[in-house]
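Listed below are the residues making up each chain.
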Amino acid sequence: MSRIAIWLLSTAVVSLVYLMVLDAIFVLFLNEQQTWLNTLPWGVFVLPIVWGVITYKGLVKYKYLGVATGLSLGYVVAHLELLWVATSFHTMLGGSI
C-alpha cells in the first residue's frame, strides 16, 4: 500500500472516531440537546479538505487531479461516515432519530 493510501485511511478512521465521540457526548451527556459543539456535519466539511491536503503534499505529478480526487472521495467517505453515525451508532447508544 502506498504512503498516501495509508494516510487517507488513517484520517478516515480518525474522522469516524471523532464523529462517534461527538455522538456519544450528544446522547449520553447532553441528553440530545443540540449545541454548536456536537454538530456532526462539521466532519463532512473537514475530511475532504484534509484529504485534499494529503494528496497535494504526497503526489509529485498530477497534484491538482489528486486534490480533486481527494476532495470528492473525502466528501463521499465523510457522508457515509455521517450516515452511519447518525443512524446506526446513534440508535445503538439509545438515542432517538
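To be clear, the structure that these remarks concern was listed above.
Let us look at the structure shown here. Since we're looking at a predicted model, the values are computed, not measured. (Residues numbered from 1 in each chain as written. Predicted model: local features only at pLDDT ≥ 70, side-chain atom pairs only at ≥ 80, totals over all residues. Heavy atoms only, no water.)

**Re the environment of Leu-22**
And then number 1: Locating Leu-22 in the fold gives a position in helix α1 (residues 3-29).
And then number 2: In this structure Leu-22 comes out as buried when scored by relative accessible area, which is 7%.
And then number 3: Taking the C-alpha atoms as reference points, Leu-22 and Val-76, separated by 54 residues in sequence, lie 20 Å from one another. (Helix = DSSP H or I, 4+ residues; strand = E, 2+ residues; numbered from the N terminus. Buried < 20%, exposed > 50% of the residue type's maximum accessible area, 1.4 Å probe, protein only.)

**Brief notes about the packing of α1 against helix α2 (residues 42-58)**
And then number 1: At a closest axis distance of 10 Å, the pairing of α1 and α2 adopts a crossing angle of 165°. In this view, α1 runs roughly antiparallel relative to α2, as classed from their interaxial angle. α2 is crossed by α1, and the crossing has right-handed handedness. Contact residues: Arg-3, Ile-4, Trp-7, Leu-8, Thr-11, Ala-12, Ser-15 and Leu-19 in α1; Gly-43, Leu-47, Val-50, Trp-51, Ile-54, Thr-55 and Gly-58 in α2. (Axes fitted to C-alpha atoms, helices over the stretch in contact; angles between N-to-C directions. Parallel < 35°, antiparallel > 145°, perpendicular 65-115°, else oblique. Left-handed = near helix turned anticlockwise from the far one by under 90°. Contact = heavy atoms within 4.5 Å.)

**A word on helix α3 (residues 63-92)**
And then number 1: For α3, built from 30 residues, the straight-helix expectation of 44 Å at 1.5 Å per residue is met to within 8% by its first-to-last C-alpha distance of 41 Å.
And then number 2: When the local axis directions of α3 are compared, the greatest deviation, roughly 35°, occurs at Val-85.
And then number 3: Every buried residue of α3 is accounted for by Gly-66, Val-67, Gly-70, Gly-74, Ala-78, Glu-81, Leu-82, Val-85, Phe-89 and His-90.
And then number 4: In this fold, the buried residues of α3 make contact with α1 and α2. (Expected span 1.5 Å × (residues − 1). Bend = angle between axes of the 7 residues up to and from the residue.)

**Section: the nonpolar core**
And then number 1: Core analysis: the biggest nonpolar cluster contains 14 residues, and Leu-8, Leu-40, Trp-51 and Val-85 have the highest contact counts within it.
And then number 2: Residue assignment for this core shows that the elements contributing at least two residues are α1, α2 and α3.
And then number 3: It is α1 that provides the largest number of residues to this core, a total of five residues.
And then number 4: Ignoring anything within four residues of it in the chain, the contact list for Trp-51 reads Leu-8, Thr-11, Ala-12, Gly-70, Leu-73, Gly-74 and Val-77. (Core = buried A, V, L, I, M, F, W, Y, C linked by side-chain atoms within 4.5 Å.)

**A closer look at the packing of aromatic side chains**
And then number 1: Counted by the stated rule, this structure contains two aromatic pairs.
And then number 2: Note on Tyr-56 and Tyr-64: the rings are 6.1 Å apart at their centroids and 45° apart in plane angle, and the pair reads as tilted. (Phe/Tyr/Trp six-rings, centres within 6.5 Å; stacked < 30°, edge-to-face > 60°.)

**Considerations on α1**
And then number 1: Its 27 residues give α1 an end-to-end C-alpha distance of 38 Å, which sits within 8% of 39 Å, the value for a rise of 1.5 Å per residue.
And then number 2: Residues of α1 that are buried: Ile-4, Leu-8, Thr-11, Ala-12, Ser-15, Leu-19, Leu-22, Asp-23, Ala-24, Phe-26 and Val-27.
And then number 3: Buried residues belonging to α1 abut α2 and α3.

In short, shape yes, function no, at least from these values alone.
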